[in-house]
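Summary of structural features
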Amino acid sequence: MGRLSRRTLRTAAAVLCLVPVSACGLLGTADGDESQDYQQLVIAMPDWTGGQATAAMAAHVLEYEFGLTVTLWDCGQETAWDKLGTGGVHAIMEDWGALPDRRQLYVEEKKNVTDAGALGITGHAGWYVTGDYADAHPDVLRAENLDTFASDLGGELLHADPYYATWDEEIIDDLGLDYRPVAVGSEDALAERLVEADRRGEPLLTYLWQPHWLNTEVDLAEVEVPGDRYPDIELRKYLNAYFSEHGGAAAEFLRTFSWTAADQNAVARLIAEDGYTPRAAAERWATNHPDRVAEWLPEEAEEE
């Protein structure tokens, strides 16, 4: 899951950061008009690669098709939600539901954030083993059997970042498994371990999320974990309510924007594997898929 503190999980510690532009300067005043000319927008930039691909694609279209200036602001999920409520951030483009308290506060109670609809992707987190090992040892695909394979798997359940919030310790305790979660440091470091294990045909057990660009590189099989710790999650978008009401075509585009897991994985792979910046990856994909971009644009923009 790029860097995931998402899913039905509890959130990771938020990264402290400063607002790049003041909320007042971005929002301006409506002067009684029903629409507002926005020249600058701020989109929250998450720390997992798939989410970065989504945010960068939205920013690319806003800049190249609508002529706006977009800041992609790196910050933690808690900070992004708080600034979305005040207008310092205009959009969260990929939310995994990891902060139900923030959604309750800003969407239901204060009503200064609005649900902008589904992203079009179903997210899921879970445990995975390398595909060749699963083929040779099909019983490994049930979590309660994992101790049988502990020596092959090193008794380790790999993670990316140590601050990711997961249910893994609880699941290990519930099943009495002789395993320990081991953080390798980052999403990139985990990807390297998985690609190398796949290349060498070595067994490996990891926590991972879907969609993920690694699916285009590594054959992985999901381990069935009992209970409902890791359900499927409909990924959603959220907008600052004032911007949603007064943001005109830009806000409408963000509400309309959706894409598939395959779309996202293609852009995320350019970022993670090919060394593109998120913006450059989005530009390359959009250039190669003009028909998909056209689907997101209002009719008048397409006619131009």
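A brief structural summary. (Residues numbered from 1 in each chain as written. Predicted model: local features only at pLDDT ≥ 70, side-chain atom pairs only at ≥ 80, totals over all residues. Heavy atoms only, no water.)

**Re the packing of aromatic side chains**
To keep things clear, this is the line we draw: Pairing of aromatic rings covers Phe, Tyr and the six-membered ring of Trp, with a centre-to-centre limit of 6.5 Å; geometry is then stacked below 30 degrees between planes, edge-to-face above 60, and tilted otherwise. A run of H or I in DSSP becomes a helix once it reaches four residues, and a run of E becomes a strand once it reaches two; helices and strands are each numbered from the N terminus. For the exposure calls, accessible area comes from a 1.4 Å probe over protein chains only, and a residue counts as buried if that area is under 20% of its type's maximum, exposed if over 50%, partly exposed in between.
Across all of its chains, the model carries 12 aromatic pairs by this definition. Pairing Tyr38 with Phe243 gives two aromatic rings, centres 5.0 Å apart and planes at 80°, and the pair type is edge-to-face. Within this pair, whereas Tyr38 is found in the loop between α1 (23–27) and β1 (40–45), its partner Phe243 is found in helix α9 (residues 241–246), the two being separated by 205 residues in sequence. The class of Phe243 is buried, set by a relative accessible area of 0%. Measuring from ring centre to ring centre gives 6.2 Å for Trp285 and Trp296, while their planes differ by 15°; the resulting arrangement is stacked. Note that Trp285 is positioned in helix α12 (residues 278–288) and Trp296 in the loop between α13 (290–295) and α14 (299–303), a separation of 11 residues in sequence.

**Comments concerning the side chain of Asp263**
This is how the line gets drawn: Any two residues whose heavy atoms approach within 4.5 Å are treated as being in contact.
Inspection of the secondary structure puts Asp263 in helix α11 (residues 261–272). Residue classification places Asp263 among the buried positions, given a relative accessible area of 12%. Not counting residues up to four positions away in its chain, the partners in contact with Asp263 are Trp285 and Arg292.

**Let's talk about the pairing of strand β6 (residues 180–183)**
Note the following rule: Between any two strands, at least two bridges found by DSSP are needed for them to pair. When the strands point away from the viewer and the connection leading from the first strand across the helix to the second strand turns clockwise, the crossover is called right-handed.
The pairing of strand β5 (residues 156–159) with β6 spans four bridges and is classified as parallel. In the sheet register, Leu157 faces β6, and the bridge partner there is Pro181. Each parallel crossover has a hand, and the one from β5 via helix α7 (residues 168–175) to β6 is right-handed.

**Observations concerning the pattern of salt bridges**
Heads up, the rule is: We count a salt bridge whenever a side-chain nitrogen from Lys or Arg sits within 4 Å of a carboxyl oxygen from Asp or Glu.
Scanning the entire structure with this criterion turns up 19 salt bridges. A salt bridge links Arg102 to Asp101; its shortest N-O distance comes to 3.4 Å. With relative accessibility at 16%, the residue Arg102 sits in the buried group. A relative accessible area of 46% means that Asp101 is categorised as partly exposed.

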